[in-house]
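Residues per chain, in single letters:
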Amino acid sequence: MSKDKLKILLLSDAASFHTERFYAELQNQGCEVLLASLEKGIPDSVTLIKKGFVKQFYYRLAVKQIKFLIKNFKPDIISAHFASGYGHIAVLAKRNSNIPLALNLWGSDILIVPKKSIFHKQKTKYALQNAQYVFADSQYLIDSAKKIFPFNSCAVIPWGVEKNIFNLYKTNLRLSQPLKIIIPRAHEHVYNNLFIVKSLKDLILADKIKLRFPAFGSLYESFKEEATKLVGDKIQYYEKAERQEFLKLASEHDIYLSASLSDSSPVSLIEAMALGLIPVVMNIDGVKEWVSNKNGFLFEHESASLATVIEKLLHASQDFSQLRETNKNKVLKSALFENNIAEQILIFKSLVEITK
């Protein structure tokens, strides 16, 4: 290990705010980090050249470039994010070296990608099989990954929230009339946003609730068209914004609502709990480590089930202060981002010492 700083080669999507946060906090905690990515986003990252005419070959053909970075940067450890992409090529690039590889799972790389084809599954398996350590944000995700390959060295560490987020914690405990609901997930098939509008159509038209959706995602235009047919102009939208700006907007709502069909401890849910919003989420395995009917509301993939939950909240007499405090304390205990990254760094250092 370097005398002054732990040197980390980070392979991840530079356009993702998860990467941005991780990269910045590693630096804040004294690490020297070189970020390499096929995506553009973070100014001082290395943008890998996309070679080939087909997107699926970009990763494989970037291996030579990563080998060059390893030779010149001389990292103590490689941190690769998303198993089937950067995890897979990290294994290929570090072959014949003793540099440890820490693999961060993001959810869809285990829950969705391996089901696309045997080729995708084998790439994912190869990354899991050759990583020295595996990180995931939930036990559910670890257990799912072990069905692909039964690795041993692993830890469950959430993508937590920064301490300053608690400055936005809701102090006004009275629910709004109409009820203000924010949906934080982009318009993609897996996030199932149109289901929400269809399920709550009558309440929206009766002005009992106000829904605010993102104005982005690959299905945004088709979603907006269908939603307008259903409820006219009664849906509100928000544009992409800096994280603090978005969190301030979210804090002005009463309820966090997600109908996602697949998840693994979503950051947006943990953020909502830290802000004091009431979580209303689809009853899927990936959220159950954070939400039960004791500290939120679960609904089934049936319109009547979601509508019943929202009706219950509309007619609730309590202010849910105990529920909010329970959620806040749960996040404080297990999901402070600064602590989560410090825990990863300690594991990084131990892996470097073992491979010396």
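My aim in this report is to walk through the structure given alongside it, one point at a time.

Focus on the packing of aromatic side chains
What characterises a pair of aromatic rings is the spacing of the ring centres plus the angle enclosed by the ring planes. Applying the stated criterion to the full structure yields eleven aromatic pairs. For the ring pair Trp106 and Trp159, a centre distance of 6.1 Å and an interplane angle of 80° mean the geometry is edge-to-face. With Trp106 in the loop between β5 (101–104) and α5 (108–111) and Trp159 in the loop between β7 (154–156) and β8 (179–182), the pair connects residues that are 53 residues apart, well separated along the chain. Taking relative accessible area as the criterion, Trp106 reaches 23% and is therefore assigned partly exposed.

Thoughts on unusual backbone geometry
Following Gln177, the chain continues to Pro178 via a peptide bond in cis, the omega torsion being -5°. Inspection of the secondary structure puts Pro178 in the loop between β7 and β8. Here Asn192, not a glycine, exhibits a phi torsion of approximately 60°, which is positive. Following the sequence through the fold, Asn192 ends up in the loop between β8 and α8 (193–199).

Some points on the environment of Phe195
Mapped onto the secondary structure, Phe195 falls in helix α8. Given a relative accessible area of 11%, Phe195 falls into the buried group. Between the C-alpha atoms of Phe195 and Thr124, which are 71 residues apart in sequence, the distance is 31 Å. Look past the residues within four positions of Phe195 in its chain and what remains in contact with it is Ala259, Phe299, Glu300, His301, Glu302, Ser303 and Leu306.

Digging into the sheet that holds strand β6 (residues 133–136)
In sheet architecture, strand pairing relies on hydrogen bonds along the backbone and comes in two forms, parallel and antiparallel. Here seven strands make up an open sheet; going across it, the order is β3-β2-β1-β4-β5-β6-β7 and the pairing parallel. Of all strands in the sheet, those bounded by a partner on one side alone are β3 (46–47) and β7. In this structure, strand β1 (residues 7–11) lies alongside strand β2 (residues 32–37), joined through five bridges in parallel fashion. In the sheet register, Ile8 faces β2, and the bridge partner there is Val33. Here helix α4 (residues 82–93) sits on the sheet and contacts β1, β2, β4 (77–81) and β5; the angle it forms with β4, its principal contact strand, is near 155°.

Quick word on the pattern of salt bridges
Evaluation of the coordinates by the stated rule reveals ten salt bridges. The partner of Glu162 in a salt bridge is Arg243, and the shortest N-O contact between them spans 2.7 Å. Of this pair, Glu162 sits in the loop between β7 and β8 while Arg243 sits in helix α11 (residues 243–251), placing them 81 residues apart in sequence. Comparing Glu162 with Arg243 shows no difference in burial state: the two are buried. For Glu271, the salt bridge is made with Arg243, and the minimal N-O distance between the two is 2.6 Å.

Let's talk about the nonpolar core
Counting 59 residues, the largest nonpolar core has Leu200, Leu211, Val280, Ile310 and Leu313 as its most contacted members. For this core, the element with the most residues is helix α12 (residues 267–275), which contributes six residues. When near neighbours in sequence (up to four residues on either side) are disregarded, Val280 contacts Ile255, Tyr256, Leu257, Ser258, Phe297, Phe299, Leu306, Val309, Ile310 and Leu313.

Examining the packing of helix α3 (residues 63–73) against α4
It is the contact of α3 with α4, at a shortest axis distance of 9 Å, that shows an interaxial angle of 60°. Taken together, α3 and α4 sit at an angle that is classed as oblique. Along this stretch, α3 crosses α4, giving a crossing that reads as right-handed. Two secondary-structure elements touch here, α3 through Val63, Ile66, Lys67 and Ile70 and α4 through Ile89, Leu92 and Ala93. Each residue belonging to the contact of α3 with α4 can be placed in one class, and the counts come to six nonpolar, no polar and one charged.

A few points about the pairing of β8
In the sheet, β8 pairs with strand β9 (residues 209–214) via four bridges, with the strands oriented parallel. Considered in β9, the bridge of Ile182 is made with Arg212. Pairing of β8 with strand β11 (residues 255–258) involves two bridges; the strand directions are parallel. Bridging from a neighbouring strand, Ile182 pairs with Tyr256 of β11.

Structural notes on the environment of Tyr256
By the element assignment, Tyr256 lies in strand β11. Overall, the relative accessible area of 2% leaves Tyr256 in the buried class. Taking C-alpha positions, Tyr256 is 18 Å from Glu302, a pair spaced 46 residues apart along the chain. Residues in contact with Tyr256, not counting those within four places in the same chain, are Ile182, Pro184, Arg185, Pro266, Ser268, Leu269, Ala272, Leu277, Ile278, Pro279, Val280 and Val281. A polar atom in the side chain of Tyr256 sits 2.9 Å from the side chain of Ser268.

Examining empty space enclosed by the protein
A complete count under the given rule lists four cavities of 30 Å³ or more for this structure. In this structure, the largest cavity encloses a volume near 60 Å³. For the largest cavity, the full set of lining residues is Ile182, Pro184, Phe246, Leu247, Ala250, Tyr256, Ser268, Glu271, Ala272, Leu275 and Leu277. Contributions of two or more residues to the lining of the largest cavity are made by α11 and α12. A total of four residues in the lining of the largest cavity trace back to one element, the largest contributor, which is α12. Residues belonging to the lining of the largest cavity are distributed by class as follows: nine nonpolar, one polar and one charged.

Here is what the cut-offs are and how they apply
- Residues numbered from 1 in each chain as written.
- Predicted model: local features only at pLDDT ≥ 70, side-chain atom pairs only at ≥ 80, totals over all residues.
- Heavy atoms only, no water.
- Phe/Tyr/Trp six-rings, centres within 6.5 Å; stacked < 30°, edge-to-face > 60°.
- Helix = DSSP H or I, 4+ residues; strand = E, 2+ residues; numbered from the N terminus.
- Buried < 20%, exposed > 50% of the residue type's maximum accessible area, 1.4 Å probe, protein only.
- Contact = heavy atoms within 4.5 Å.
- Pairing = 2+ DSSP bridges.
- Axes fitted to C-alpha atoms, helices over the stretch in contact; angles between N-to-C directions.
- Salt bridge = Lys/Arg side-chain N within 4 Å of Asp/Glu carboxyl O.
- Core = buried A, V, L, I, M, F, W, Y, C linked by side-chain atoms within 4.5 Å.
- Parallel < 35°, antiparallel > 145°, perpendicular 65-115°, else oblique.
- Left-handed = near helix turned anticlockwise from the far one by under 90°.
- Nonpolar A, V, L, I, M, F, W, Y, C, P; charged D, E, K, R; others polar.
- Polar contact = N/O pair within 3.5 Å; in protein donor to acceptor, adjacent residues only side chain to side chain.
- 1 Å grid on protein atoms, 1.4 Å probe; cavity = no way out; pocket = protein on both sides within 12 Å on 5 of 7 lines; lining within 4 Å.
- Points joined across faces, edges and corners; volume = space filled by probe spheres on them.

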